[in-house]
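# Working through the structure, step by step
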Amino acid sequence: MADLLRPVLPQDADDVVSLISINSVHPSPDTLTKLVKRLRALTLTLLPVEVDPASINDPTSRIITPRVISAYRAAAGDFIEALPYCLLRARAEFIWDANHNAADYGENRGRATACEVLARRIVHLAEPDRIRAIMSTRYQHRQIDGDESDMSSALEMAIDQHCTIFLSSSEAQEVVDALWTGDLIQINNKHNDIEYVPYDDTREHSFWGHFDPARLSVPRYQNIFRIAMWLLFLFVYSQAVREPLERLGDAHKFLDNWEIALYVLALSFIVEGMFCFYVLLRLVTWRVFSFWQVVAFVTDSLLLAAFILRIGGLLEEGDRETSLRLHSFQVLSCVSPFIWFVFDSFKLLTVFDGYKYVGTMQICVARMLKESGIFFALLSLLAIGFGQGLYALDAADGSAEPPSTIINVLVQALLQNPNYEKFAASPTGLLLFYLWNAVTVIVLLNVLISLFASAYSDIVDDAEAEYLAFFAGKTISMIRAPDSYVYPAPFNLVEVFLVAPFEFFPVIGLSDKHYAILNRYVMSFVFFIPLCFIALYESAFNRRKNSWMETWFRGIDEGEEDSPANRDPIVDDPNCPGLQISKVPFEELIKVFPNTEQSSEATILKEIVEVKKQMQVLLDKLENLPK
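Residues numbered from 1 in each chain as written. Predicted model: local features only at pLDDT ≥ 70, side-chain atom pairs only at ≥ 80, totals over all residues. Heavy atoms only, no water.

Identification of the protein chain as Calcium activated cation channel from Gymnopilus junonius is taken from an unreviewed UniProt entry.

## Let's talk about the overall build of the protein chain
Counting its regular elements, the protein chain contains 29 helices and four strands. Out of the 627 residues belonging to the protein chain, those deemed buried represent 40%. Of the accessible surface of the protein chain, which amounts to about 36300 Å², a share of 62% is contributed by carbon and sulfur atoms. (Helix = DSSP H or I, 4+ residues; strand = E, 2+ residues; numbered from the N terminus. Buried < 20%, exposed > 50% of the residue type's maximum accessible area, 1.4 Å probe, protein only. Areas by Shrake-Rupley, 256 points an atom, 1.4 Å probe, with all protein chains shown as cover.)

## Describing the UniProt feature "transmembrane region" (unreviewed entry) in the protein chain
Here the UniProt-annotated "transmembrane region" (unreviewed entry) positions come out as residues 223-240, 260-281, 288-309, 329-352, 373-393, 431-453, 485-505 and 517-537. Secondary structure content for residues 373-393 is 100% helix and 0% strand, while the C-alpha to C-alpha distance between its ends is 30 Å. The annotated region residues 431-453 carries 100% helix and 0% strand content, and the separation between its end C-alpha atoms amounts to 32 Å. (UniProt positions renumbered as here; feature names shortened; annotations may be inferred.)

## Examining the pattern of salt bridges
Pairs can form between side chains of opposite charge once their charged atoms are near each other. In total, this model carries 13 salt bridges according to the counting rule given. Here E148 and R142 are joined by a salt bridge, their closest N and O atoms 3.8 Å apart. Beyond isolated ion pairs, a larger network of salt bridges with shared partners links R40, R89, E93 and D97. (Salt bridge = Lys/Arg side-chain N within 4 Å of Asp/Glu carboxyl O.)

## Some points on unusual backbone geometry
For residues that are not glycine, phi is negative in most cases, and the peptide bond is trans in most cases. With an omega of 5 degrees, the peptide bond between A489 and P490 qualifies as cis. Within the secondary structure, P490 sits in the loop between α21 (463-479) and α22 (492-499). Here H162, not a glycine, exhibits a phi torsion of approximately 55 degrees, which is positive. On the accessibility criterion, H162 (41% relative accessible area) is partly exposed. Its identity as a non-glycine residue notwithstanding, Q416 has a phi of 70 degrees, on the positive side. Among the structural elements, Q416 can be located in the loop between α19 (403-414) and α20 (427-461).

## Digging into the nonpolar core
In terms of nonpolar packing, the biggest core is built from 64 residues, with L87, L155 and F166 touching the most fellow members. Here L87 is in contact with L39, Y72, C115, L118, A119 and I122, once residues within four sequence places are set aside. Core analysis: the second largest hydrophobic core is formed by 19 residues, W230, L303, F329 and L332 among them. (Core = buried A, V, L, I, M, F, W, Y, C linked by side-chain atoms within 4.5 Å. Contact = heavy atoms within 4.5 Å.)

## Focus on the packing of aromatic side chains
By the definition in use, this model includes 18 aromatic pairs. A ring pair is formed by Y85 and Y139, whose centres lie 5.2 Å apart and whose planes are at 50 degrees; its orientation type is tilted. In this pair, Y85 is assigned in helix α6 (residues 83-100) and Y139 in strand β1 (residues 138-139), connecting sequence segments 54 residues apart. Comparing Y85 with Y139, the two get one shared label, buried. Between W230 and F233 the ring centres are 5.2 Å apart and the planes differ by 35 degrees, which places this aromatic pair in the tilted class. Of this pair, W230 and F233 both sit in helix α13 (residues 219-240), three residues apart, roughly one helical turn. The residues W230 and F233 share a single accessibility class, namely buried. In textbook terms, an aromatic cluster arises when at least three aromatic residues are bridged by ring pairs, as seen for W180, Y467, F470 and F471. (Phe/Tyr/Trp six-rings, centres within 6.5 Å; stacked < 30°, edge-to-face > 60°.)

## Let's talk about a nonpolar patch on the surface
A contiguous nonpolar patch, built from V611, M615, L618, L619, L622 and L625 and spanning about 550 Å² of accessible area, is present on the exposed surface. Along the chain, L622 turns up in helix α29 (residues 600-623). (Patch = residues over 30% accessible without salt bridge, like charges linked within 9 Å, V, L, I, M, F, W, Y side chains within 5 Å.)

## Topic: α19
In a regular helix each residue adds 1.5 Å, so twelve residues correspond to 16 Å; α19 covers 17 Å between its end C-alpha atoms and thus fits that length. When we look at burial in α19, the residues that qualify are I406, V409, L410, A413 and L414. One side of α19 carries all its buried residues, which in axial view fall inside an arc of 140 degrees. Q416 sits one or two positions beyond α19 and adopts a positive phi of about 70 degrees. (Expected span 1.5 Å × (residues − 1). Arc of directions from axis to C-beta.)

Written as structure tokens, this is what we have:
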């Protein structure tokens, strides 16, 4: 492969550029936009016609060859380390073109896949010590309207676009794992930009060196802490809604201890969700919001509605107070499916994310529920039409039942319990009701089944890549909203009411230095026990220091033991004097192996070129023979 790169890249100029620290090069948005346009022009030339994306992603693709990769690397000039970011940006533009130009959808989809595959291959060719910088350094480009885009890295852009090919690479997962475990931490500057630095470079390896409140922002520790708090929330909720008849008695006119704890925890989750929503929408993009954020928003809204009704009941008297209190507990009871659903799908399953089956199941559930949106959109339109028609027929005789009655009949029919006697007196109404049942049962439900089957097959066919992309998105979502001082719920209320005023209020406002000191002391006191466990774990069970323990539990990847000693082992066995394993050298053995890095077409073409060269040499000799 190195020989193939040299004709395109004379003097290995790209290798010289890769030795330059990426932090010393800050290309402007206009510069990167010019590079993106150049890459688009290259891709349009590379793929002028429609090509199957599967053939582009083939490891032995005849399209993405070593020479093509070297050409793209040369096209970046001195900005080769920004090349993956620009390729993913070009991919986003090709996807936009595909979605807005149906006639050229296949062509642009193939070009987008080519950009993603090239980004992955180029990162794979980078120096190992530069991979983290290439993946995590944030850039800007010039948008179509002339504004500068938000800061984003190649890794973040891949997550926003759900680039499973790029995110499933070992290089991307290495960076994701470093962010998940806290080996790579982010530092926020004054411009809301993020810089990633190795954590070992900032602390000494000791207990007090790792006793750092900033470690609460590490995704792994955030995940553990949130699971513990959610278990506590489920327990408190179960106690608050226990024995509802008792709750409606005179002894529970006022909030009891369980209700107070429930609404305090709910308030902390609502504040955390609103803050993340605001920061992500303002500083990142709406694409980071997923289905689980929607479920969490519905859950928070129901909890807030139950609290408002409960407080309203405390301020009223008589029947009005009883009615509001009843409605409050009814709304609170409706929260139960959502909080257990969120716990099962978003909290509990994350404990077993390391198992591909569990992770794939979680992705399938989320994808199916998203696909069901098409079904419910069609169902809503049909329900409005049939409901209006049945209500008009019912009102034709001068008396009409409430609209809720018609809605109830339609819903029961959808759930396989139709009431045909309801419209027996009206042949037209009965015909409409027959048509409603036929459309929903035969057409819409089969559409829903097809959507579910399609979503399941898409996930399962590429389960490994889908799971790795999901894990990368979950990791980045925990650290993407820049927050210098992380107070996980419910302790974020301490920050909101006791710490934050010292930052915003003009009279008691502190300088940045003193505000940081205040947060450090408060967080050290509030999270003393969790920080002790984190510091003990990191100082006593460091993976590098105790690698033998991890090897003992997980084993050794024997596929990586490709050393010269293993290729030509030397026998030092007193029981077998003079006998050897390496009677035939390793280099001789592999000469008969096929070249699996190239497609069969490329191999044939290469052999044809060699035959042409030999024929040309022979012809030259024949021409030089004396006549």
